[in-house]
Amino acid sequence: MSISIFETLKSLWVGNKAADRIVPPSGFTVGLTLFSAAAMAFLAVFALAVALASGRLAQSWGDDLARASTLRISAPDGQQDVQTEAALRILSQTEGVSSARALDDDEVQALLEPWFGPDLPADKLTIPRLIEITQDGRGFDAQGLRLRLQAEVPGAVLDDHASWRTPLVKAATRLRVFGWFSILLISLTIASIVTLAANAALAANAQIIAVLRLVGATDSYIATAFIRRFTLRSLVGASLGTAAGFIAVMLMPSNAEAGAFLTGLGFKGWHWLVPILVPVLTACVAFIATYVASRRVLRRLA
Amino acid sequence: MQLRQKQHRSGKAGRAVIEFNDVAYGYSGDAILENISLEIAPGSFHFLTGPSGAGKTTFLKLCYAALTPTRGDLRVFGGHIHPSNRTAIAMIRRRIGVVHQDCQFLDHLPVEDNIALPLSVSGQSVADQSENLFELMNWVGLSGRIGALPPELSGGERQRAALARAVIMSPEVILADEPTGNVDWEMSQRLLRLLIELNKMGKTILIATHDMALIRAAKAEVQARVLRISNRTLHAAGADL
């Protein structure tokens, strides 16, 4: 059987009103394909949102936080300010530190607020002083700094965030891989569903295929009619699903509002353009699936 | 008398449109047709008769490449048919009009679209040929059934629609498998007259039928050759026909 993929693609683009009519317009495969394409596209938009957001988080936790460290000073009353000044002096002399500043009481209060609420009596509690350290491109020698702080500022504890940052980066990276893997699974699922639907439609229309062959239709003509029908149907279904997914992602609270980790899941910047590819890719998957299915079924019916 | 190779030419000149040379066809090891040798000349009129199950339909299917011989040499329009070359088979079928007893249509399309189907599948514009289409529908007596769906047609109307569909591409050969099997005598005569008219236009006609009265009626009007399939092979029919 000779079904030229290029001829089929051309016919898909140009269209053929007569060929479009040979496939009966109704049938269970219509709803099945539309619904499946819509549902899969909806899920694909969410998987994309997870994958892209995880990528951003991994980047943020990986590169951005790698340049930030915190120095915590826990000293008896009266000693805190002295030790803080000493620590700031040491930090200003340390190679690789681009800036260091002590957080004021309001900033500390804001940091504790998610855990203890807004009415925390910070003035009545002994709260360690925090110094935010920003590294330059070279970074500093953490071990050397610790040793010097141990000698000169006994209440200081340097936290380069590695202990909690590493598993988070790993988790975000894995989540991104799972997101893309989910998109792959969704693509394979839609391919399977379209293949099943196309197989069923071709088998259910065996009589139509026999009539068309009897009057001189080439297999390419017959296949194109089915391929065009399923590709366009998948495109419509996926467009609807993508639109619904888009709206759902837009309705998610922004991380600026809630400040929590999960609310950051969504699209940012040019990432909003990526879901537009979902209907196009779904149509491509449907095209290939129907092309392969029609080749197989028409060969079997020959 | 069993027909042997190239014995059975019609009186008209020209290269054979269909040529069987010692062709056999079988299925699952059982022979259905054997030692078939025949040339069908262009413009000839043939009847193919024989008892039910003798292999008449199989013979016709071999002619339009719906089946492939298990042995022998079969040429259609001078060329061999390769079953894997589906495009070549489609091109052959555009030159052969086929009318079945249980004529099948696309039930979701109106009768005129079904008749025009060979034009559509060959890439021709139906709109450009609408005049010919309606002339053809008038010729087969279906001009009053425009817009009707195939399930709404009577048996005779379906046969005539199938005939119109078979001839719309002006094919060189028309194969009819029991075209009068589902219609009354009057309608069968009408269909026969249409086929005779087509033959007078130069079309090659091959009709498989067991309707002897139809054959006798045809022989009164046209020079028709009668072939008979029995014992899996082709014979010339007796002079009583």
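Basis of the calculations
Residues numbered from 1 in each chain as written. Chains lettered and ligands numbered in written order. Predicted model: local features only at pLDDT ≥ 70, side-chain atom pairs only at ≥ 80, totals over all residues. Heavy atoms only, no water. Helix = DSSP H or I, 4+ residues; strand = E, 2+ residues; numbered from the N terminus. Rg over C-alpha atoms; globule rule 2.2 N^0.38 Å. Buried < 20%, exposed > 50% of the residue type's maximum accessible area, 1.4 Å probe, protein only. Contact = heavy atoms within 4.5 Å. Lys, Arg positive; Asp, Glu negative; His and termini not counted. Charge placed at Lys NZ, Arg CZ, Asp CG, Glu CD. Pairing = 2+ DSSP bridges. Axes fitted to C-alpha atoms, helices over the stretch in contact; angles between N-to-C directions. Salt bridge = Lys/Arg side-chain N within 4 Å of Asp/Glu carboxyl O.

So what's going on with the overall build of chain B? Residues and values would help.
Summing up its helical and strand segments, chain B has 8 helices and 10 strands in all. Against the 2.2 N^0.38 benchmark of 18 Å for 241 residues, chain B shows a C-alpha radius of gyration of 17 Å, consistent with a compact globule. By its C-alpha atoms, chain B is 50 × 40 × 35 Å across when sized along the principal axes. Per-residue burial for chain B yields a buried fraction of 55% across its 241 residues. Pairs at least 24 residues apart make up 73% of the contacts formed inside chain B by residues separated by at least 6 positions. Averaging the locations of the 26 positively and 24 negatively charged side chains of chain B gives two centres separated by 7 Å.

Residues and numbers for the sheet that holds strand 3 (residues 129-135) of chain A, please.
All names here are of chain A. If you trace the 4 strands from one edge of the open sheet to the other, you get 2-3-1-4, paired in antiparallel fashion. Strands at the two margins of the open sheet, each flanked by one partner only, are strand 2 (97-102) and strand 4 (156-159). On average, each strand axis in the sheet is tilted by 20 degrees relative to the strand beside it, whichever way the strands run. Seen against the sheet, helix 4 (residues 80-93) touches strand 1 (68-73), strand 2, strand 3 and strand 4 and runs at an angle of roughly 5 degrees to strand 3.

Provide a residue-level description of the pattern of salt bridges, including the pertinent values.
All told, the structure shown has 13 salt bridges over all chains when counted by the stated rule. Of the charged contacts, one joins Arg232 of chain B and Glu34 of chain B as a salt bridge, the two residues approaching to 3.5 Å between their closest N and O atoms. Taken together, the positions of Arg232 of chain B in the loop between strand 9 (224-230) and strand 10 (233-236) and Glu34 of chain B in strand 2 (residues 30-40) put the pair 198 residues apart, joining distant regions of the chain. Accessibility expressed as a relative area gives 40% for Arg232 of chain B, which makes it partly exposed. The partner of Arg75 of chain B in a salt bridge is Asp73 of chain B, with the nearest N and O atoms 3.3 Å apart. Ionic contacts of the salt-bridge type, sharing partners, join the residues Arg89, Arg148 and Glu152 of chain A into one network.

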